[in-house]
Amino acid sequence: MSVHDELMSVQRSLDEVFRSLGRLEKQLGTGGLEMRRVRADANHLRESVALLRDAAASPAAPKRPELVTISDTPYDSALWSDSDDEGLGARDRRAP
């Protein structure tokens, strides 16, 4: 099966889950914490499937993160004048 077919199958199954949840809510009511959690989980699953469908629809190459060039020149030492040494504290105080 293709990705599109698989996603359609998942969507059909998810639609059936929502129909079943509707029937359960008629019998059990919508006020219980358990029912609200199941409904919230089902909604999250629906959103996730929609994101998968959008990702599968754009056959573009995987997005690579933008590279940031870091200069090899040393930093100005004035940047560190009021900083603490990790694990040692400030320069003018003793470590515990």
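To be clear, the structure that these remarks concern was listed above.
Keep in mind that this is a model prediction, so the values were computed, not measured. Residues take numbers from 1 onward in each chain, read along the sequence in its written order. Only residues with pLDDT of at least 70 are given local features in this predicted model, and only at 80 or more are side-chain atom pairs given and counted; all residues enter the totals for whole chains, interfaces and linings. Side-chain measures here rest on the full set of heavy atoms in the structure, leaving out hydrogens and waters.

**Student:** Would you take a moment to explain the overall build of the protein chain for this structure?
**Tutor:** The way it works is that DSSP assigns letters per residue, a run of H or I at least four long becomes a helix, a run of E at least two long becomes a strand, and they are numbered from the N terminus. Within the protein chain one finds 2 helices and 0 strands. Only protein chains enter the accessibility calculation, which uses a 1.4 Å probe; a residue is then buried when its area is under 20% of its type maximum, exposed when over 50%, and partly exposed in between. By the burial criterion, 10% of the 96 residues in the protein chain qualify as buried. Within the protein chain, residue pairs in contact and separated by at least 24 positions form 43% of the contacts whose partners lie at least 6 positions apart. If you sum the accessible surface of the protein chain, you get close to 8800 Å²; carbon and sulfur atoms cover 57% of it. Contacts are assigned to residue pairs that have any heavy atoms within 4.5 Å of one another. In short, Shrake-Rupley with a 1.4 Å probe defines the accessible areas, and a residue's cover is counted only from the protein chains shown.

**Student:** Please clarify how the nonpolar core should be interpreted in this entry.
**Tutor:** Within soluble globular proteins, side chains that are nonpolar generally end up buried alongside one another. One finds Leu14, Phe18, Leu21, Met35, Ala42 and Val49 forming the largest nonpolar core, which totals 6 residues. Those elements that provide at least two residues to this core are helix H1 (3-28) and helix H2 (33-57). Once residues within four sequence positions are removed from consideration, Leu14 is found in contact with Ala42, Leu45, Arg46 and Val49. Only buried residues count toward a nonpolar core, which is a set of Ala, Val, Leu, Ile, Met, Phe, Trp, Tyr and Cys residues joined through side-chain atoms within 4.5 Å.

**Student:** Could you clarify how one ought to interpret the side chain of Gln11 in this entry?
**Tutor:** Note on placement: Gln11 falls in helix H1. Leave out the neighbours within four places in its chain, and Gln11 touches Val49 and Arg53.

**Student:** In this structure, what is going on with the pattern of salt bridges? I would like to understand it.
**Tutor:** Pairing is possible between side chains of opposite charge, provided their charged atoms come close. In the sections that follow, a salt bridge refers to a side-chain nitrogen of Lys or Arg positioned within 4 Å of a carboxyl oxygen of Asp or Glu. As enumerated under the stated definition, the model contains 4 salt bridges in all. The partner of Arg39 in a salt bridge is Glu25, with the nearest N and O atoms 2.8 Å apart. Of the two residues, Arg39 sits in helix H2 while Glu25 sits in helix H1, which places them 14 residues apart along the sequence. Taken together, the shared-partner salt bridges connect Glu16, Arg19 and Arg23 into one network.

**Student:** What should I look at first to understand H1 in this one?
**Tutor:** Think of an α-helix as 3.6 residues a turn; residues three or four steps apart then line up on the same face. Multiply 1.5 Å by the residue count of a helix minus one, and that product is the helix's expected span. Under the 1.5 Å per step criterion, the end-to-end length of H1 is 36 Å for 26 residues, consistent within 8% with the ideal 38 Å. In the segment just after H1, Gly29 is the residue with positive phi, at about 90°.

**Student:** Looking at this structure, how should I read H2?
**Tutor:** With 25 residues, H2 should reach 36 Å at 1.5 Å per residue; the first-to-last C-alpha distance of 36 Å fits that figure. Within the span of H2, buried status applies to Met35, Ala42 and Val49. Packed against the buried residues of H2 are H1.

**Student:** So what exactly am I meant to see when it comes to the environment of Phe18 here?
**Tutor:** Topologically, Phe18 is positioned in helix H1. Taking the C-alpha atoms as reference, Phe18 lies 7.5 Å from Ala42; in sequence the two are 24 residues apart. Once residues lying within four places of it in the same chain are set aside, the contact partners of Phe18 are Arg39, Ala42, Asn43 and Arg46.

**Student:** Would you take a moment to explain the packing of aromatic side chains for this structure?
**Tutor:** Here a ring pair, both rings aromatic, is described through the centre-centre distance and the interplanar angle of the planes. Classification of ring pairs rests on two measures: the distance between centres of Phe, Tyr or Trp rings, Trp counted by its six-membered ring, which must be within 6.5 Å, and the angle between planes, read as stacked under 30 degrees, edge-to-face over 60 and tilted in between. For the structure on display, the rule yields 0 aromatic pairs. It is Arg46 that lies over the ring of Phe18; its NZ or CZ is 3.7 Å from the centre. Remark: a charge is flagged as sitting over a ring if the NZ atom of Lys or the CZ atom of Arg is within 6 Å of the ring centre and within 35 degrees of the ring normal.

By themselves, these figures tell us nothing about what the structure is for.
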